[in-house]
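What follows is the residue order along each chain.
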Amino acid sequence: MMYNVLIADPLNAVGILPLKNAKNIHVVVDTGLSAIQLHDKISEFDALIVRSQTQVTRLLLENASRLKIIGRAGVGVDNIDIEAATELGIMVVNAPNANTNSAAEHTMAMILALSRKIPQAYYALKNHQWDRKKYIGVEVRGKTLGIVGLGRIGAEVASRAKGQRMKVIAYDPFLSPEKAAKMGIEYGMLEEVLRVSDFITVHTPLLKETRHLINAQAFELMKPGVQIINCARGGIIDEDALYEAILSNKVAGAALDVFEEEPISHHKLLDLPEVIATPHLGASTIEAQENVAVDVSEDILNFFSGSIVRHP
Ligand code: NAD
Ligand code: MLT
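Residues numbered from 1 in each chain as written. Chains lettered and ligands numbered in written order. Predicted model: local features only at pLDDT ≥ 70, side-chain atom pairs only at ≥ 80, totals over all residues.

Comments concerning the sheet that holds strand β8 (residues 186-187)
Part 1 of the argument: Spatial strand order, β8-β7-β6-β9-β10-β11-β12: seven strands in an open sheet with parallel pairing. Here the strands that pair on one side only, and so sit at the sheet edges, are β8 and β12 (275-277).
Part 2 of the argument: Both strand β7 (residues 167-171) and β8 contribute to a ladder of two bridges, which runs parallel. Bridge pairing in β8 places A170 opposite Y187.
Part 3 of the argument: Lying on the sheet, helix α5 (residues 100-115) is in contact with β9 (199-202), β10 (226-230), β11 (251-256) and β12; it crosses β10 at an angle near 150 degrees. (Pairing = 2+ DSSP bridges. Helix = DSSP H or I, 4+ residues; strand = E, 2+ residues; numbered from the N terminus. Contact = placed C-beta atoms within 7 Å. Axes fitted to C-alpha atoms, helices over the stretch in contact; angles between N-to-C directions.)

Put into structure tokens, the structure is as follows:
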């Protein structure tokens, strides 16, 4: 029996090779497909591998008559209609641990770049402006970092922030004050985290419950001068509310790796000097891209050989 595998988003070669080497797998790498082209092709495939770009909708899945497994080379599965996949008996696997470290490091880089206005100063200097007064930052030492969502990445960020001598307070429905104490951080309900933090970073998945979790009401509760970081998912923070909170000086700065719609080239938030941004680079390291590719291809191979799938 031959299985056709479509790789629809860029995947590191270390993940593609083992699939290509398998005798019962035929691999097609086609990363430039439009939604319509993918819809027309999908019925030929037994497995589909994506990152965050390809939208795996119910409509697509209903046309995927052969599809048995979807591999998400990354963590967030918000681009996949999990409910539809489950109803149609299609397994979804991801790579939950593979880019944790990279995403945590990127978050720390964003916190430090934000606090010292490094991107703004760099941009000015590249444009021949030597200005030492305009780019006065704040130290992070002694400041409170509020973490919303203390899963894999949130916990790694907490431990790094402690290394920067920050106080850490976190909210997560699965966190208890005892567990927080063991990690050397404080536990708070969401409202408290929002009220006391100098920097707030979100690390939840994008779910119905977390969409616009950080909205106008949440910004109301925050300290004036708070700085916001989102290296998780666009949509967790209400972008219009963030824009207004920056204009009103409630929020002093924001570091965004992710946006409600991606990709973007123009966005009103990008026009604000208080906002620094990267184009969804949290997992863009050589290590993370190798790890996600290996994890997801291993699970696809396991699935077709009848072995245990590690990350269903
Ligand atoms: P995880 O599942 O280990 O942790 C998520 C945590 O969020 C869990 O502990 C969960 O209990 C918590 N949570 C859920 N609902 C919540 C709520 N309403 N309030 C507070 N906490 C809530 O996931 P992770 O590996 O830490 O990744 C988190 C997210 O980061 C992913 O879902 C993905 O979208 C995003 N991510 C982005 C990048 C990037 O490139 N920017 C890279 C990796 C992951
Ligand atoms: C993830 O959820 O793993 C990240 O957003 C990175 C990616 O999409 O590749």
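Read on, since the account is not over.
Brief notes about the confidence of the model for the protein
Part 1 of the argument: Averaged over all residues, the pLDDT of the protein equals 97, while 100% of them reach at least 70.
Part 2 of the argument: The complex prediction reports pTM at 0.97, with the ipTM value standing at 0.99. (pLDDT = per-residue confidence, 0-100.)

Let's talk about the packing of helix α1 (residues 13-21) against helix α12 (residues 286-304)
Part 1 of the argument: At a closest axis distance of 7 Å, the pairing of α1 and α12 adopts a crossing angle of 20 degrees. Here α1 lies roughly parallel to α12, going by the angle between them. For the pair α1 and α12, the contacting residues are V14, G15, P18 and L19 in the first and E290, A293, V294, V296, S297, I300 and L301 in the second.
Part 2 of the argument: In terms of residue class, the contact of α1 with α12 is built from eight nonpolar, two polar and one charged. (Parallel < 35°, antiparallel > 145°, perpendicular 65-115°, else oblique. Nonpolar A, V, L, I, M, F, W, Y, C, P; charged D, E, K, R; others polar.)

Here we look at the sheet that holds strand β4 (residues 69-72)
Part 1 of the argument: A sheet is described by the order of its strands in space; here five strands give the open sequence β2-β1-β3-β4-β5, paired in parallel fashion. Strands with a single pairing partner mark the edges of an open sheet, and in this sheet they are β2 (25-29) and β5 (91-93). Here the strands of the sheet are splayed against their neighbours by 20 degrees on average, with no regard to which way each runs.
Part 2 of the argument: Two elements, β4 and β5, share three bridges in a ladder whose sense is parallel. Note that in β5 the partner of G71 across the bridge is V93.

Structural notes on unusual backbone geometry
Part 1 of the argument: Looking along the chain, the bond that leaves E262 and enters P263 is cis, with omega of -5 degrees.
Part 2 of the argument: By the secondary structure assignment, P263 is in the loop between β11 and β12.
Part 3 of the argument: Despite not being glycine, K117 shows a phi value in the positive range, around 55 degrees.
Part 4 of the argument: Mapping K117 onto the fold places it in the loop between α5 and α6 (118-126).
Part 5 of the argument: Unusually for a residue other than glycine, R165 sits at a positive phi of about 65 degrees.
Part 6 of the argument: Its place among the elements puts R165 in the loop between α7 (152-163) and β7.
Part 7 of the argument: You can call R165 exposed: it has 11 C-beta atoms within 10 Å. (Buried ≥ 20, exposed ≤ 12 C-beta atoms within 10 Å, placed from the backbone.)

Some words on the site of ligand 1
Part 1 of the argument: By nearness alone, 32 residues border ligand 1, and G76, G149, G151, P205 and G282 come closest of all.
Part 2 of the argument: Elements that contribute at least two residues to the shell around ligand 1 include exactly α5 and α7.
Part 3 of the argument: At three residues, the largest contribution of residues to the shell around ligand 1 is made by α7. (Near = placed C-beta within 6 Å.)

Notes on the pairing of strand β6 (residues 144-148)
Part 1 of the argument: Extensive coverage of β6 is indicated by the burial of five of its five residues.
Part 2 of the argument: What you see with β6 is no split at all: T144, G146 and V148 on one side and L145 and I147 on the other are buried throughout.
Part 3 of the argument: Note that β6 and β7 share five bridges and pair parallel. Considered in β7, the bridge of I147 is made with A170.
Part 4 of the argument: In this fold, β6 hands off to α7, which returns the chain to β7; that crossover is right-handed.
Part 5 of the argument: Looking at chain direction, β6 and β9 are connected through four bridges and run parallel. Residue pairing across strands places I147 opposite T201, the latter belonging to β9. (Right-handed = clockwise from strand over helix to strand, strands pointing away.)

Here we look at the environment of A85
Part 1 of the argument: When you line up the elements, A85 lands in helix α4 (residues 82-87).
Part 2 of the argument: Using a count of 20 C-beta atoms within 10 Å as the deciding quantity, one classes A85 as buried.
Part 3 of the argument: The spatial distance from the C-alpha of A85 to the C-alpha of G253 is 39 Å, given a sequence separation of 168 residues.
Part 4 of the argument: If sequence neighbours within four positions are ignored, A85 has contacts with L61, I70, I80, I90 and V92.

Remarks on the pairing of β10
Part 1 of the argument: The buried fraction of β10 is high, at five of five residues.
Part 2 of the argument: A two-sided burial pattern is seen for β10, the buried positions comprising V226, I228 and N230 on one face and Q227 and I229 on the other.
Part 3 of the argument: In this region the chain leaves β9, passes through helix α10 (residues 216-221) and returns to the parallel neighbour β10; the handedness of that crossover is right-handed.
Part 4 of the argument: When β10 meets β11, the two strands line up parallel, connected through five bridges. Of the residues in β11, the one forming a bridge with V226 is V251.

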